[in-house]
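Each chain, written out:
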Amino acid sequence: MTIKLIAIGKTDNTSLQHLISDYEKRLGHYIKFELEIIPDIKNVKNLSEVQQKEKEGELILKKLNNTDVLVLLDENGKQYDSVSFSNYLQKKMNSGIKQLVLTIGGPYGFSDTVYAKAQGKISLSKMTFSHQMVRLFIVEQLYRAFTILKNEPYHHR
């Protein structure tokens, strides 16, 4: 299985980018992982929130294959602790899916079309985080999940 993380907009903070890259490399020891950045939409000040979500949604959906399982990182999604998240990933791998696509939306979330296509929603917290921080958190949690599945000492129970 491949895990792809799709995010809207580049990470401006080089310190965050270095941390994300570090966890991307670590993840490569366990699974094929791809981070795909969709560039920010231009002239958003001329668009309503709904129009911006629609445009971002179109770009997200263009990145999907027919067999992909789309899971949104969404504040209203299911919350997991790290061990439960590792079990969730194990079930996805056991189900035989080729690619799990985790997606971080733009500043206003996702369009109705993207919600309709999604096969799940995960919330990292009830708190609100910057989109750049969410990238780091999910990549670290993916790495943590695989160390849990391999009984490696990264995660302390």
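Computed from a prediction, not measured in an experiment: that's the story for all the values here.

Analysis parameters
Residues numbered from 1 in each chain as written. Predicted model: local features only at pLDDT ≥ 70, side-chain atom pairs only at ≥ 80, totals over all residues. Heavy atoms only, no water. Helix = DSSP H or I, 4+ residues; strand = E, 2+ residues; numbered from the N terminus. Expected span 1.5 Å × (residues − 1). Pairing = 2+ DSSP bridges. Axes fitted to C-alpha atoms, helices over the stretch in contact; angles between N-to-C directions. 1 Å grid on protein atoms, 1.4 Å probe; cavity = no way out; pocket = protein on both sides within 12 Å on 5 of 7 lines; lining within 4 Å. Points joined across faces, edges and corners; volume = space filled by probe spheres on them. Nonpolar A, V, L, I, M, F, W, Y, C, P; charged D, E, K, R; others polar. Buried < 20%, exposed > 50% of the residue type's maximum accessible area, 1.4 Å probe, protein only. Contact = heavy atoms within 4.5 Å. Phe/Tyr/Trp six-rings, centres within 6.5 Å; stacked < 30°, edge-to-face > 60°. Lys NZ or Arg CZ within 6 Å of the ring centre and 35° of its normal.

### Things to note about the environment of Ser48
Next, step 1: Residue placement: Ser48 occurs in the loop between strand E2 (32-38) and helix H2 (49-62).
Next, step 2: Ser48 sits 38 residues away from Lys10 along the chain, and the two C-alpha atoms are 21 Å apart.

### Thoughts on helix H5 (residues 131-149)
Next, step 1: In this model, H5 (19 residues) spans 27 Å end to end at C-alpha, consistent with the 27 Å of a helix rising 1.5 Å per residue.
Next, step 2: Taken from the residues just after H5, Asn151 is the one with a positive phi, measuring 55°.

### Details of the sheet that holds strand E1 (residues 2-8)
Next, step 1: Strand order across the open sheet formed by five strands is E2-E1-E4-E3-E5, with parallel pairing between neighbours. A strand with exactly one partner marks an edge of an open sheet, and here the two such strands are E2 and strand E5 (121-123). Across this sheet, the average inter-strand angle for adjacent strands is 30°, counted without regard to direction.
Next, step 2: Here six bridges tie E1 to strand E4 (residues 99-104), and the two strands are oriented parallel to one another. Note on E4: the bridge partner recorded for Leu5 is Leu102.

### A look at the layout of surface pockets
Next, step 1: As a volume, the largest pocket reaches approximately 450 Å³.
Next, step 2: Lining the largest pocket are 21 residues, with Leu73, Asp74, Glu75, Phe129 and His131 positioned closest to its centre.
Next, step 3: If you list the elements that add at least two residues to the lining of the largest pocket, you get strand E3 (69-79), E5 and H5.
Next, step 4: It is E3 that provides the largest number of residues to the lining of the largest pocket, a total of four residues.
Next, step 5: The residue makeup of the lining of the largest pocket, split by class, is 11 nonpolar, eight polar and two charged.

### So, the environment of Leu72
Next, step 1: Note on placement: Leu72 falls in strand E3.
Next, step 2: Since its relative accessible area comes to 0%, Leu72 is described here as buried.
Next, step 3: Between the alpha carbons of Leu72 and Leu102 there is a distance of 5.7 Å; along the sequence they are 30 residues apart.
Next, step 4: Once residues lying within four places of it in the same chain are set aside, the contact partners of Leu72 are Thr103, Phe110, Val114, Tyr115, Ala118, Gly120, Lys121 and Ile122.

### Description of the packing of aromatic side chains
Next, step 1: For the structure shown, the criterion picks out nine aromatic pairs.
Next, step 2: With centroids separated by 6.1 Å and ring planes inclined at 15°, the aromatic side chains of Phe85 and Tyr88 adopt a geometry described as stacked. Separated by three residues within a single helix, Phe85 and Tyr88 lie in helix H3 (residues 82-94), roughly one turn from each other. The two residues Phe85 and Tyr88 agree in class, both being buried.
Next, step 3: Judged by centre distance (5.7 Å) and plane angle (80°), the ring pair of Phe110 and Tyr115 falls under edge-to-face.
Next, step 4: Residue class for Phe110 comes out buried when judged on its relative accessible area of 3%.
Next, step 5: Joined through ring pairs, the aromatic side chains of Tyr23, Tyr30, Tyr143, Phe146 and Tyr154 make up one cluster.
Next, step 6: Between Arg26 and the ring centre of Tyr143, over which it is positioned, the NZ or CZ distance is 5.2 Å.
Next, step 7: If you follow Lys78 out to its NZ or CZ, it ends over the ring of Tyr80, 5.2 Å from the centre.

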